[in-house]
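Each chain is listed here by its residues.
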Amino acid sequence: QVQLVESGGGLVQPGGSLRVSCVASGIGFSSYTMAWYRQAPGKKRELVATITSGGYTNYADSVKGRFTISRDNAKNTVYLQMNSLKPEDTAVYSCNARFFQTDLWGQGTQVTVSS
């Protein structure tokens, strides 16, 4: 079964850290470009970070220096380490996998940054 399953979301105080994970199944994970997107209520979906099959990473300006995307091909898992979290980081974080015309999405995990 082809699926992406996110986990690790939750409530965290401003300035705190959180790591979200996305486990892929049913795909040749190591060949896929993986990405994290987020969508806050009333806002458009935003690309947060990407990591290619070769390990090249790219980040939105809003998270550069605070977030780190990584992947473990042996575990079919992509991570997003989020540090120095701000209230404006509150959103549903979704995992995306792309390989040529194949475009897969997870169901998302809620991250809330609030005191």
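Every residue gets a number counted from 1 within its own chain, in the order that chain's sequence is written. In view of the model being predicted, local features appear only for residues whose pLDDT reaches at least 70, and side-chain atom pairs are presented and counted only at 80 or more, with totals across whole chains, interfaces and linings using the full set of residues. Computation of side-chain values covers all heavy atoms of the structure but excludes hydrogens and water.

## Some points on the overall build of the protein chain
Strands are runs of DSSP state E lasting at least 2 residues, helices are runs of H or I lasting at least 4, and numbering of each runs from the N terminus. From N to C terminus, the protein chain includes zero helices and eleven strands. Seen in sequence order, the protein chain has helices and strands lined up from the N terminus as β-β-β-β-β-β-β-β-β-β-β. In this setup the radius of gyration rests on C-alpha atoms only. A globule is expected at 2.2 Å times the number of residues raised to 0.38. Expected size for 115 residues packed as a compact globule is a radius of gyration near 13 Å; at 13 Å, the protein chain falls within 12% of this value. For the protein chain, the C-alpha atoms occupy an extent of roughly 40 × 25 × 25 Å along the three principal directions. The rule is simple: take the accessible area with a 1.4 Å probe, protein chains only, and divide by the maximum for that residue type; under 20% is buried, over 50% is exposed, in between is partly exposed. Scored against the burial criterion, the 115 residues of the protein chain give a buried share of 42%. For this analysis, residues touch if any pair of their heavy atoms sits within 4.5 Å. Counted over contacts in the protein chain with a minimum sequence separation of 6, partners at least 24 positions apart contribute 54%.

## Observations regarding the nonpolar core
Throughout, nonpolar core names a set of buried Ala, Val, Leu, Ile, Met, Phe, Trp, Tyr and Cys residues whose side chains join them through atoms within 4.5 Å. Grouped together as the largest cluster of nonpolar side chains are 31 residues, with contacts concentrated most on Met34, Trp36, Val78, Leu80, Met82 and Tyr93. Sorting the residues of this core by element identifies strand E3 (18–25), strand E4 (33–39), strand E5 (46–51), strand E7 (67–72), strand E8 (77–82), strand E9 (91–99) and strand E11 (109–113) as the ones contributing at least two each. If we skip the residues at most four places from it in the chain, Met34 touches Leu4, Phe29, Ala49, Thr50, Ile51, Ile69, Arg71, Val78, Cys95, Asn96 and Ala97.

## Thoughts on the pattern of salt bridges
We count a salt bridge whenever a side-chain nitrogen from Lys or Arg sits within 4 Å of a carboxyl oxygen from Asp or Glu. In the structure shown here, the tally under the stated rule is four salt bridges. Between Glu46 and Arg38 there is a salt bridge; the shortest N-O distance is 2.8 Å. The partner of Asp89 in a salt bridge is Arg66, and the shortest N-O contact between them spans 2.8 Å. In this pair, Asp89 sits in the loop between E8 and E9 while Arg66 sits in the loop between strand E6 (57–59) and E7, placing the two residues 23 residues apart along the sequence. Using a relative accessible area of 10% as the deciding quantity, one classes Arg66 as buried. One salt-bridge network, held together by shared partners, links Arg38, Glu46, Arg66 and Asp89.

## Notes on the pairing of E3
The pairing of strand E1 (residues 3–7) with E3 spans five bridges and is classified as antiparallel. Of the residues in E3, the one forming a bridge with Leu4 is Ala24. A pair of strands is labelled paired if DSSP reports no fewer than 2 bridges between them. Across six bridges, E3 lies against E8 in antiparallel orientation. Bridge assignment links Ser21 to a residue of E8, and that residue is Tyr79.

## Notes on unusual backbone geometry
For Asn76, which is not a glycine, the phi torsion comes out positive at approximately 50 degrees. Topologically, Asn76 is positioned in the loop between E7 and E8. Judged by relative accessible area, Asn76 falls into the partly exposed class, the value being 24%.

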